[in-house]
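Commentary on secondary and tertiary structure
Residues per chain are reported as follows:
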Amino acid sequence: MEGVNRVAGCINEIMIKTEGLCKSYHCHTRHEVRAIQDINLHIPKNSFVVLSGPSGSGKTTLLNIIGTLDRPTNGKIFTYGEDITSFSDIALSRLRREKIGFIFQYFHLIPRLSSWENVSYPLIPSGTSLKNRLEMAKVLLEKVGLGDRLDHTPEELSGGQQQRVAIARALVNNPEIIIADEPTSNIDDETSKDVLALLQELKTSGVTIIVVTHDTCFEKIADVVYKMKNGRIA
Ligand SMILES: Nc1ncnc2c1ncn2[C@@H]1O[C@H](COP(=O)(O)OP(=O)(O)OP(=O)(O)O)[C@@H](O)[C@H]1O
Ligand SMILES: [Mg+2]
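Residues numbered from 1 in each chain as written. Chains lettered and ligands numbered in written order. Predicted model: local features only at pLDDT ≥ 70, side-chain atom pairs only at ≥ 80, totals over all residues.

1. Points about the overall build of the protein
This is how it is decided: The helix count covers DSSP runs of H or I at least four residues long, the strand count covers runs of E at least two residues long, and both are numbered beginning at the N terminus. Throughout, radius of gyration means the C-alpha value; the globule benchmark is 2.2 Å times the number of residues raised to the power 0.38. Counting other C-beta atoms within 10 Å of a residue's C-beta gives its exposure: the residue is buried at 20 or more, exposed at 12 or fewer, and partly exposed in between, where C-beta atoms are placed from the backbone. Working definition of a contact: two residues with C-beta atoms, positioned from the backbone, lying within 7 Å.
The helix and strand inventory of the protein stands at seven helices and 12 strands. What you see for the protein is a C-alpha radius of gyration of 18 Å, in line with the 17 Å of a compact globule of 234 residues. Considering only C-alpha atoms, the protein reaches an extent of 50 × 45 × 35 Å along its principal axes. Out of the 234 residues belonging to the protein, those deemed buried represent 39%. A separation threshold of at least 6 residues defines the contact pool for the protein, and within that pool the share at least 24 residues apart is 69%.

See below:
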């Protein structure tokens, strides 16, 4: 049946679909790097998808295109059944702001801002009042176990704590899709388990999660694991 797939015994609609997705880079005009080639994915809504594979196999490139941070050179990508390949930059940024939360390997927190300011930063464009921003950030920071670190700046936090602030920030817009690129590769094993547990909890609340990781704990609980090699799904 077009547009549906099975996850954990349920019939789910397709959240993200890619058709013949390719991305090439032209370095110094002559040399072409084919970062991803002919990627055809069907990611059902509310699934937990893991992308793994060796360094340079195209995982970040694919994730960035799925997350609308980058555009393919060929092929199409559909989100909620809509071909977003043809979207303008403004439409893509709206989609990103409203539907997608990002978690990065190096956290990407704003250095001089406190935890609560970092978490609530994505709410500024929507005109949310300062009081509500603080309240929402507080709830999320408590959820990730950092209720006592609201006023700390990133340099006053450990790596694991910074990643938890980044996760709280990724959740502030109630995203329907979470994109995470090696979210646990710079944090200790114990905090990695907390991050995994948080992502699992999000899945139970209906979020679609796509994670690039080498961490086999993620593979154990994923609905599907795609192994990438030389820019292709192996
Ligand atoms: N901006 C760029 N310009 C040129 N080549 C690039 C660019 N970005 C990525 N590449 C190349 O595309 C290929 C895929 O890179 P990508 O970052 O997607 O790999 P990856 O699987 O995420 O690797 P890692 O596990 O090391 O993060 C690599 O060969 C890389 O050198
Ligand atoms: Mg990468």
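More follows now that the structure is in view.
2. Let's talk about the environment of Glu-32
Looking at the secondary structure, you find Glu-32 in strand β3 (residues 31–39). Distance from Glu-32 to Ala-168, taken between C-alpha atoms, is 38 Å for residues 136 residues apart in sequence. Excluding its chain neighbours within four sequence positions, the residues that come into contact with Glu-32 are Ser-24 and His-26.

3. Section: the site of ligand 1
Rules: For each residue, a C-beta atom is positioned from the backbone; the residue is called near a molecule or strand if that atom sits within 6 Å of it.
The environment of ligand 1 is formed by Tyr-25, Cys-27, Val-33, Ala-35, Gly-53, Ser-55, Gly-56, Ser-57, Gly-58, Lys-59, Thr-60 and Thr-61. Per-element accounting of the shell around ligand 1 gives the leading share, three residues, to helix α1 (residues 59–66).

4. Quick notes on the nonpolar core
Selection rule: By convention in this section, buried Ala, Val, Leu, Ile, Met, Phe, Trp, Tyr and Cys residues joined through C-beta atoms within 7 Å make up a nonpolar core.
The biggest cluster of nonpolar side chains holds 52 residues, and the ones touching the most others in it are Leu-140, Ile-167, Ala-168, Ile-178, Ile-179, Ile-209 and Ile-210. At six residues, the largest contribution of residues to this core is made by helix α5 (residues 159–171).

5. What to know about the sheet that holds strand β9 (residues 177–181)
Note: strands within a sheet are paired through backbone hydrogen bonds, in either parallel or antiparallel orientation. For the record, the criterion: Strand pairing is assigned whenever DSSP detects at least two bridges linking the two strands. Fitted lines through C-alpha atoms give the axes, limited to the stretch in contact for helices. The angle between two N-to-C directions lies from 0 to 180 degrees.
Ordered by their spatial adjacency, six strands build an open sheet running β8-β9-β10-β5-β11-β12, and the pairing between neighbours is mixed. Strands with a single pairing partner mark the edges of an open sheet, and in this sheet they are β8 (100–103) and β12 (232–233). Strand direction decides the pairing type here: strand β11 (residues 224–229) and β12, joined by two bridges, are antiparallel. Bridging across to β12, Met-228 finds its partner in Ile-233. With respect to the sheet, α5 is in contact with β8 and β9, its orientation differing from that of β8 by roughly 170 degrees. Contacts from helix α6 (residues 189–204) reach β5 (48–52), β9 and β10 (208–212) within the one sheet, and its direction differs from that of β10 by about 150 degrees.

6. Describing unusual backbone geometry
One non-glycine residue, Thr-68, lies in positive phi territory at about 65 degrees. Along the chain, Thr-68 falls in the loop between α1 and β6 (74–79). When the 22 C-beta atoms within 10 Å are taken as the criterion, Thr-68 is described as buried. Non-glycine residue Asn-174 carries a positive phi angle of around 50 degrees. With respect to the helices, strands and loops of the structure, Asn-174 is situated in the loop between α5 and β9. By C-beta crowding, Asn-174 is classed as exposed, having 11 other C-beta atoms within 10 Å.

7. Here we look at the confidence of the model for the protein
Parts of the prediction with low pLDDT should not have their coordinates interpreted in detail. As a reminder, the rule being used: For every residue, the pLDDT score states the predictor's confidence, bounded by 0 at the bottom and 100 at the top.
Across the protein, the average pLDDT comes to 91, with 94% of residues at or above 70. Ranking the helices and strands of the protein by mean pLDDT puts helix α3 (residues 115–120) first, with 98, and strand β1 (residues 4–7) last, with 42. Here residues 1–11 is modelled with pLDDT under 50, and outside its nearest four sequence neighbours on either side it reaches 18 contacts, counting other chains as well.

8. Remarks on the packing of α5 against α6
To be explicit about the condition: Convention used here: angles under 35 degrees read as roughly parallel, angles over 145 as roughly antiparallel, angles from 65 to 115 as roughly perpendicular, and any remaining angle as oblique. Helix crossings are classified by the rotation of the near helix relative to the far one: an anticlockwise turn of less than a right angle makes the crossing left-handed, while a clockwise turn makes it right-handed.
One way to put it is that α5 packs onto α6 with a least axis distance of 10 Å and a crossing angle of 10 degrees. Judged by the angle between their axes, α5 and α6 are roughly parallel. Considering only the axes of α5 and α6, their crossing is right-handed. Contacts between α5 and α6 involve Gly-160, Gln-163 and Ile-167 on the former and, on the latter, Thr-191, Val-195 and Leu-198.

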